[in-house]
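# Tertiary structure, described
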Amino acid sequence: MAWLSLLLFLPWFMLLGGLFWCYPRQPRCARRRAFDAAALLLALVLSVLSMHWGFQLGQAQPDAGPIWPQVLAVLYAYGAFLAVMVAALLLRPRWLLRAP
């Protein structure tokens, strides 16, 4: 059941990841592609880890209701994904300006 939140948010993650990959259109060099791929992979991995963490925290509170583990898993997964994407957006210009 913990994987349900990732399944539900995967289309949204793909849309945000696609926008991150495509914009801005220039510069489109190997350094940028490597940085973008690493950022998207890190966002996915941290999202999955956070999703499991949130689900476990939700299950530890049985009086909160049966849907609470799923809600907490989605909140943690989405927060981790967005945190990595925002950090990548802020760090990408510096990464591209560094000397190769």
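The structure presented is a predicted model; accordingly, all values stated were derived computationally and were not measured. (Residues numbered from 1 in each chain as written. Predicted model: local features only at pLDDT ≥ 70, side-chain atom pairs only at ≥ 80, totals over all residues. Heavy atoms only, no water.)

### Details of the overall build of the chain
Which entries qualify depends on this criterion: Numbering goes from the N terminus for both helices and strands, where a helix is a DSSP run of H or I of at least four residues and a strand is a run of E of at least two. Whether two residues are in contact is decided by their heavy atoms: any pair within 4.5 Å suffices. Surface accessibility follows the Shrake-Rupley procedure with a 1.4 Å probe radius. Residue values consider only the protein chains on display as shielding.
When you go through the chain residue by residue, the secondary structure sums to three helices and zero strands. Listed by position from the N terminus, the elements making up the chain come as α-α-α. Summarising its shape, the C-alpha atoms of the chain cover approximately 55 × 20 × 15 Å along the three principal directions. Considering only contacts in the chain between residues 6 or more positions apart, those separated by 24 or more positions represent 65%. Surface accessibility of the chain: about 6,500 Å² in total, with carbon and sulfur atoms responsible for 77%.

### Thoughts on unusual backbone geometry
Note: most peptide bonds trans; most residues except glycine with negative phi. Residue P24 is reached from Y23 by a cis peptide bond, and omega for that bond is -10 degrees. Tracing the chain through its elements places P24 in the loop between α1 (4-22) and α2 (30-59).

### Points about the packing of α2 against helix α3 (residues 68-97)
We count it as follows: Throughout, an axis means a line fitted to C-alpha atoms (over the contacting stretch in the case of helices), and angles, computed between N-to-C directions, take values from 0 to 180 degrees. Each angle is binned into one of four classes, with values under 35 degrees roughly parallel, values over 145 roughly antiparallel, values of 65 to 115 roughly perpendicular, and all other values oblique. Helix crossings fall into two classes, left-handed where the near helix is turned counterclockwise from the far one by less than a right angle and right-handed where it is turned clockwise. Amino acids are sorted into nonpolar (Ala, Val, Leu, Ile, Met, Phe, Trp, Tyr, Cys and Pro), charged (Asp, Glu, Lys and Arg) and polar (every other residue, Gly among them).
Interaxial distance between α2 and α3 falls to 7 Å at its minimum, and their mutual angle equals 160 degrees. In this view, α2 runs roughly antiparallel relative to α3, as classed from their interaxial angle. The chirality of how α2 crosses α3 is right-handed. Of the residues in the contact of α2 with α3, the class split is 25 nonpolar, six polar and four charged.

### Here's the deal with the environment of M85
Within the fold, M85 resides in helix α3. Along the chain, M85 and V45 lie 40 residues apart, while their C-alpha atoms are 12 Å from each other. Contact partners of M85, with chain neighbours within four places excluded, come to F20, A39, L40 and A43.

### Thoughts on the nonpolar core
Condition: Among buried residues, the Ala, Val, Leu, Ile, Met, Phe, Trp, Tyr and Cys ones that are joined through side-chain atoms within 4.5 Å form a nonpolar core. Three exposure classes are used, based on accessible area relative to the maximum for each residue type with a 1.4 Å probe and protein chains only: buried under 20%, partly exposed in between, and exposed over 50%.
Core analysis: the biggest nonpolar cluster contains 16 residues, and F20, M51 and M85 have the highest contact counts within it. Within the residue set of this core, elements represented by two or more residues are α1, α2 and α3. Residues contacting M51, with those up to four places away along its chain left out, are A2, W3, S5, L6, A73 and A77.

### A few points about the side chain of D36
The test is simple: Throughout this description, a polar contact denotes any pair of N or O atoms lying within 3.5 Å of each other; where both atoms belong to protein, one of them has to be capable of donating a hydrogen while the other can accept it, and for residues adjacent in sequence the pair is counted only when both atoms sit in side chains.
Along the chain, the position of D36 falls in helix α2. On the basis of relative accessible area, D36 is assigned to the buried category, the value being 0%. Side chain to side chain, D36 and R92 meet in a polar contact 3.0 Å long. Excluding its chain neighbours within four sequence positions, the residues that come into contact with D36 are F20, W21, R28 and R92.

### Quick notes on a nonpolar patch on the surface
Counted only if it meets this: The residues that make up patches have over 30% relative accessible area and no salt bridge, and they are joined within 9 Å when like-charged or within 5 Å when they are Val, Leu, Ile, Met, Phe, Trp or Tyr. The salt bridge criterion pairs a side-chain nitrogen of Lys or Arg with a carboxyl oxygen of Asp or Glu, the two atoms within 4 Å.
Judged by side-chain polarity, L41, L42, V45, L46 and L49 come together as a nonpolar surface patch covering roughly 440 Å² of accessible area. A residue is classified by how much of its surface remains accessible, and L49, at 54% relative accessible area, is exposed.

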